[in-house]
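Structural characterization, general
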Amino acid sequence: MSEGMPRSDRVLMGPGPSNLYPEVTEALQRPLVGHLDPDFLAVLDETCDRLRTVFSTANPLTLPISGTGSAGMEASFVNLVAPGDTVVVGVNGVFGERMCDVAARCGAEVVRVDERWGNPIDPERLLAAHPHPKLIAVVHAETSTGVRNEVEALGAGKGDALLVADCVTSLGGIPFATDGWGVDVAYSGTQKCLGVPPGLAPLTMSPGAVERRVERPQSWYLDLGMISQYTGSTSGGATRRYHHTAPVTMINALHAGLGAILEEGLAGAWARHEECGRLLQKGLQELGFELFAAEGHRLPQLTTVLIPDGLLPGGLDEAGARRLLLERYGIEVGGGLGEYAGRMWRIGCMGHTARPRNVTLLLGALGEILGR
Ligand SMILES: *Cc1c(COP(=O)(O)O)cnc(C)c1O
C-alpha cells in the first residue's frame, strides 16, 4: 500500500518524528546563536522559568541537564549520594532497576522494594523499608510496564529522607506536582511527553536537597553546583560562570516545546493524553488485546497489552504484526521488555502524537490486520 513511506510520516511511538510539537520543529531550524549570546541566555532563563511551571515548583535550582533522561537520573544520585548512604528504591520495571544500578555505582547501600511488573508499588512498603534512609527513589511513570506509581503519599510520609521521582515519561503527560507532593528531586527527558527530540534532562531540586548535596560529586560533568552557576539557576543570572557549552539548538527546542504546552495549558495537555489513552485502551480491549497494567494505575501515554494466543491471524507472529503496522501503515509500536519480549506491546501516545486521530488510525489498522 505505502511501501517507502517516509520515516517522518511515522506515528505513535513515543520518541519519534510524530511527537514533536510543530513549534519545536520550527525552533530546530532557527539559525544557531552562540552559547554566551545574550539572546540565547534570555532563552535559557525563560526555559528554566517554564520548567518551574511545568514541574510545578518554586525551586531556584531548576534547569535542563545536557544529556538524555538517564543523565537526569545520574545527576540526582551523584549529587546526593555519598558512599555508604542508604537509598530505598522501588522496582517494578526496567527504570527502577536502572536507578538501583546508578545508586550502587555511587556507593549507596541500596534497599530494593520489588513489586511484580504490571503492579504499582505500595507507598507504605517503600516508607517502611528502612528506618532512616537518605533517599527514597521511585519512577512515577514506568515506561517498561505502563504503570503509574504513587508519589504523593511518599512525600507525605518521607520524614527526613529526600524523595527522588523519575518523571521522564510523566512530565507534560499526566499530573505531577513537585512542591505540592513534597518531591525533593524530579528529573525528566525531552523526548517523551514534552514533545522535543532526545537530548536534555530537565531537573529540579528543592532547597532542602541542595543543602544536603555531597560536597564533591564523583562526576565533574553532572556537578549541579557548577552547572547551576552557568545557568544562573541559583543566582538569578547575576554571576554566570562557564561550565560546559550549552547545547543551544536543543535548549531552543525545549523552550519551544514547553511554550506549546503552556500555551495549550498544562491541564489541557494532561486531558488530551488522558482522552487518547482512554480511547486507545478501550479500543484495544474490544479488539481482544489484554491490558497489562493494573487497573487504576494505567498510564494514558504508554499502554501495555498482552497478545492472547490465537488473536493474530494464522502465520502472523507478534513481531510480524508490528512489522506490518510499520511498513503498511507507518505506525511504530514498541515490543515488550525483559521477560515480556515477544508477548507484549508498548504503545506510546505522547506529546504531539497524543491526538485522537492517531488512536483511530492505529485501531483501524489493527482491525484490518485482525480481519474485523
Ligand atoms: C526513557 C526513560 C528513561 C531514560 O531516558 P533516556 O532518555 O533513554 O536516557 C528513564 N526513566 C524512564 C521512566 C524512562 O521512560
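Residues numbered from 1 in each chain as written. Predicted model: local features only at pLDDT ≥ 70, side-chain atom pairs only at ≥ 80, totals over all residues. Heavy atoms only, no water.

**A look at the site of the ligand**
Operational definition: Residues are labelled near a given molecule or strand when at least one of their non-hydrogen atoms is within 4 Å of it. Throughout this description, a polar contact denotes any pair of N or O atoms lying within 3.5 Å of each other; where both atoms belong to protein, one of them has to be capable of donating a hydrogen while the other can accept it, and for residues adjacent in sequence the pair is counted only when both atoms sit in side chains. A 1.4 Å probe and the Shrake-Rupley method give the accessible areas. Residues count as covered only by the protein chains that appear here. Working definition: helices are DSSP H or I runs of at least four residues, strands are E runs of at least two. Numbering for both runs from the N terminus. Throughout, the ten residues Ala, Val, Leu, Ile, Met, Phe, Trp, Tyr, Cys and Pro are labelled nonpolar, Asp, Glu, Lys and Arg are labelled charged, and all others, Gly among them, are labelled polar.
Taken together, 13 residues lie near the ligand, and Thr-68, Ser-70, Thr-143, Asp-166 and Lys-192 sit nearest. A distance of 2.8 Å is found between a nitrogen atom of the ligand and a side-chain nitrogen or oxygen belonging to Asp-166. Surface burial for the ligand is 89%, taken as the share of its 380 Å² of free accessible area covered by protein chains. Taken together, the elements giving at least two residues each to the shell around the ligand come down to helix 3 (69-80) and helix 4 (94-105). The class makeup of the residues in the shell around the ligand is four nonpolar, six polar and three charged.

**So, the domain arrangement of the protein chain**
Selection rule: Start and end points for every domain follow an automatic or database-based domain assignment. Contact criterion: two residues are considered in contact whenever any of their non-hydrogen atoms come within 4.5 Å of each other. Summed over both partners, the accessible area (1.4 Å probe) lost when two parts come together is defined as the buried area. Counted as salt bridges are all cases of a side-chain nitrogen of Lys or Arg within 4 Å of a carboxyl oxygen of Asp or Glu.
Structurally, the protein chain comprises domain 1 (7-18 + 266-370) and domain 2 (22-264). Measuring from the centre of the C-alpha atoms in domain 1 to the corresponding centre in domain 2 gives 27 Å. Each partner contributes to the interface: domain 1 provides 26 residues, whereas domain 2 provides 31 residues. Summed over both sides, the interface between domain 1 and domain 2 buries roughly 2,300 Å², with carbon and sulfur atoms accounting for 65% of that surface. In terms of surface lost to domain 2, no three residues of domain 1 exceed Leu-266, Trp-270 and His-297, which account for 28% of the buried area on that side. Arg-272 is paired through a salt bridge with Glu-264; the nearest N and O atoms lie 2.8 Å apart. Across the contact surface, domain 1 and domain 2 share 10 residue pairs in polar contact (both at pLDDT 80 or more). Elements with a minimum of two residues in the side of domain 1 that touches domain 2: helix 10 (266-287), strand 11 (302-306) and strand 13 (344-348). Counting residues per element, the side of domain 1 that touches domain 2 draws most heavily on helix 10, which supplies six residues.

**Here's the deal with the sheet that holds strand 4 (residues 135-139)**
For the record, the criterion: When DSSP finds at least two bridges between two strands, those strands are taken to pair. Inter-axis angles, ranging from 0 to 180 degrees, are taken between N-to-C directions of lines fitted to C-alpha atoms, where helices are fitted over the stretch in contact.
Read from one edge of the open sheet, seven strands run 1-9-8-7-4-2-3, paired in mixed fashion. Only two strands of the sheet have a single neighbouring strand rather than two, namely strand 1 (61-66) and strand 3 (109-114). Across this sheet, the average inter-strand angle for adjacent strands is 20°, counted without regard to direction. Of the strand pairs in this sheet, strand 7 (residues 162-166) and strand 8 (residues 185-187) are connected by three bridges, and their pairing is parallel. If you follow Val-164 over to strand 8, its bridge partner there is Val-185. Where helix 8 (residues 224-231) meets the sheet, its contacts fall on strand 1 and strand 9 (200-205), and the angle it forms with strand 1 comes to roughly 100°.

**Focus on helix 3**
The periodicity of an α-helix, 3.6 residues per turn, causes residues three or four positions apart to be oriented the same way. Here is the rule we go by: One fewer than the residue count of a helix, multiplied by 1.5 Å, yields its expected span. When accessible area is computed with a 1.4 Å probe and restricted to protein chains, residues below 20% of their type maximum are described as buried, those above 50% as exposed, and intermediate ones as partly exposed.
Taking 1.5 Å as the rise per residue, helix 3 with 12 residues should run 16 Å; its terminal C-alpha atoms sit 17 Å apart, in good agreement. Residues of helix 3 that are buried include every one of Gly-69, Ala-71, Gly-72, Met-73, Ala-75, Ser-76, Phe-77, Val-78, Asn-79 and Leu-80, and no others.

**Quick word on the nonpolar core**
The test is simple: In plain words, nonpolar cores are sets of buried Ala, Val, Leu, Ile, Met, Phe, Trp, Tyr and Cys residues tied together by side-chain atoms within 4.5 Å.
In terms of nonpolar packing, the biggest core is built from 45 residues, with Phe-40, Val-151, Phe-176 and Val-183 touching the most fellow members. When contributions to this core are tallied by element, the ones reaching two or more residues are helix 1 (22-28), helix 2 (38-55), strand 4, strand 7, helix 9 (248-264) and helix 10. Looking at this core, the element that brings in the most residues is helix 9, giving nine residues. Contact partners of Phe-176, with chain neighbours within four places excluded, come to Phe-55, Ser-56, His-140, Val-151, Ala-165, Cys-167, Leu-171, Trp-181, Val-183, Ala-186 and Trp-270. Grouped together as the second largest cluster of nonpolar side chains are 36 residues, Ile-65, Ala-75, Val-89 and Ala-137 included.

**A word on the pairing of strand 4**
Every other side chain in a regular strand lies on the same face of the sheet, so the side chains alternate between the two faces. The element strand 4 is largely enclosed, with a buried count of five among its five residues. Pairing geometry for strand 2 (residues 86-91) and strand 4, over three bridges, is parallel. Considered in strand 4, the bridge of Val-87 is made with Leu-135. Bridge count between strand 4 and strand 7: five bridges; the pairing is parallel. Across the sheet, Ala-137 pairs through a bridge with Val-164, a residue of strand 7.

**A closer look at the sheet that holds strand 12 (residues 334-335)**
Taken together, four strands build an open sheet; the order of strands is 10-11-13-12 and the sheet is antiparallel. Only two strands of the sheet have a single neighbouring strand rather than two, namely strand 10 (290-291) and strand 12. In this fold helix 10 packs onto strand 10, strand 11 and strand 13, with an angle of close to 10° to the strand it touches most, strand 11.

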